[in-house]
Amino acid sequence: MPKNNELQVNYTRRLRRPWGGQLNSFRNISDASNISFGNPELTPEYSHSFELNYIKSWESGHTLSLSGYYRSTDDVIQRIRFLNTEDNVMYTTSENVAKSQASGLEIVGKDKLFKILDLTTTVNLYYSKLDGFSYLPQGAETPVIGDTDESFAWNVRMIANFSLPWGVSLQGTGNYNSKQLMAQGHREPNYSVDLGLRKSFLSDKLTLSINARDLLDSRKFRTVTAGDGFWQDSENWRGGRRVGFTLTYNFGNMNKKKDKNKSRSEEPDMFDME
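For clarity, every value in this text was computed on a predicted model and none was experimentally measured.

**Some remarks on the overall build of the protein**
Here is step 1: When its secondary structure is counted, the protein shows 2 helices and 17 strands.
Here is step 2: Reported as C-alpha extents along the three principal axes, the dimensions of the protein are approximately 70 × 45 × 30 Å.
Here is step 3: The buried share among the 274 residues of the protein stands at 34%.
Here is step 4: When contacts within the protein are restricted to residue pairs at least 6 apart in sequence, those whose partners lie at least 24 apart make up 60%.
Here is step 5: With the model as given, the accessible surface of the protein reaches about 17,200 Å², and the carbon-plus-sulfur share is 54%.
Here is step 6: In the protein, 34 side chains carry a positive charge and 33 a negative one; their mean positions are 11 Å apart.

**Description of the sheet that holds strand E12 (residues 185-187)**
Here is step 1: Spatial strand order, E11-E12-E15-E16: 4 strands in an open sheet with antiparallel pairing. Two strands in the sheet have a free side with no partner beyond their single neighbour: strand E11 (180-182) and strand E16 (230-237). Going across the sheet, the axis of each strand differs from the next one's by a mean of 20 degrees, ignoring polarity.
Here is step 2: Bridge count for E12 against strand E15 (residues 220-227) is 3 bridges, and the pairing is antiparallel. In the strand pairing of E15, Arg187 is matched with Thr223.

**Observations concerning a nonpolar patch on the surface**
Here is step 1: Together, Trp58, Leu64, Leu66, Leu105, Leu125, Tyr127, Phe152 and Trp154 make up a nonpolar patch on the protein surface, roughly 680 Å² of accessible area in all.
Here is step 2: Only strand E4 (63-84), strand E6 (117-130) and strand E9 (149-164) provide two or more residues apiece to the nonpolar patch.
Here is step 3: Note on placement: Leu105 falls in strand E5 (residues 89-113).
Here is step 4: Classification of Leu105 as partly exposed rests on a relative accessible area of 34%.

**Section: the nonpolar core**
Here is step 1: Core analysis: the largest hydrophobic core is formed by 15 residues, its most contacted members being Ile80, Phe82, Tyr91, Val97, Ala98, Phe133 and Val144.
Here is step 2: Within the residue set of this core, elements represented by two or more residues are E4, E5 and strand E7 (133-135).
Here is step 3: Considering each element in turn, this core owes the most residues, 4 residues, to E5.
Here is step 4: With residues up to four places along the chain from it excluded, the contact list for Val97 reads Val76, Gln78, Ile80 and Phe133.

Cut-offs applied
- Residues numbered from 1 in each chain as written.
- Predicted model: local features only at pLDDT ≥ 70, side-chain atom pairs only at ≥ 80, totals over all residues.
- Heavy atoms only, no water.
- Helix = DSSP H or I, 4+ residues; strand = E, 2+ residues; numbered from the N terminus.
- Buried < 20%, exposed > 50% of the residue type's maximum accessible area, 1.4 Å probe, protein only.
- Contact = heavy atoms within 4.5 Å.
- Areas by Shrake-Rupley, 256 points an atom, 1.4 Å probe, with all protein chains shown as cover.
- Lys, Arg positive; Asp, Glu negative; His and termini not counted.
- Charge placed at Lys NZ, Arg CZ, Asp CG, Glu CD.
- Pairing = 2+ DSSP bridges.
- Axes fitted to C-alpha atoms, helices over the stretch in contact; angles between N-to-C directions.
- Patch = residues over 30% accessible without salt bridge, like charges linked within 9 Å, V, L, I, M, F, W, Y side chains within 5 Å.
- Salt bridge = Lys/Arg side-chain N within 4 Å of Asp/Glu carboxyl O.
- Core = buried A, V, L, I, M, F, W, Y, C linked by side-chain atoms within 4.5 Å.

Written out as structure tokens, the structure reads:
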């Protein structure tokens, strides 16, 4: 293609294995009215992904990427809930519920502004569909049934890196996720903001980093689920706002190591606490 234009065609097959908490059959009874447990019979998810990418770059330091994709996933792992009418207790576990399909457009823009700001913006617009399913979990009297459902969703992520005087670097990250489809309901929209500040001393041998996670105390996940004989509105959060300080001292010849790491990521990530 002409200079500063690029076209890519990708096919990927991925395997996603269940993590330990989804497999652990030990029952969490910290809340006697909401008991959760894992499912050791879970199998991995397999997905097929097709992508068509167009990338345009400008000499002024701007890059635009447009990616159209289609993704099909078998044996999707989802959390399911059911109400046991004998003890009136809500149970939560995981199951390979059905097949899902998603297709959409991802837009990524990278801009260098005023020589001090590197801005990366990612917008993902997609349609998703989850097939219907029927599953009888251990302890349930009737099968957990989910109807075929489909929805349109979107999310946006913005990362801003500022190069300030006196060797100070400032990074801000914002995320927004729209309403998302789940096996027995949906997840409400959520958003979060993180900030990080970095300053180097003694010819880059000593580095001080200050990280603020979930600055607005908004990283909460509200889900609405419904099933046979119940309707549940729940909210979970990851510990709220957190501020951390990291002091790093490097000794020896670090130049070779820096050169190796530079090719892996052009944008430093100050949020390494998680």
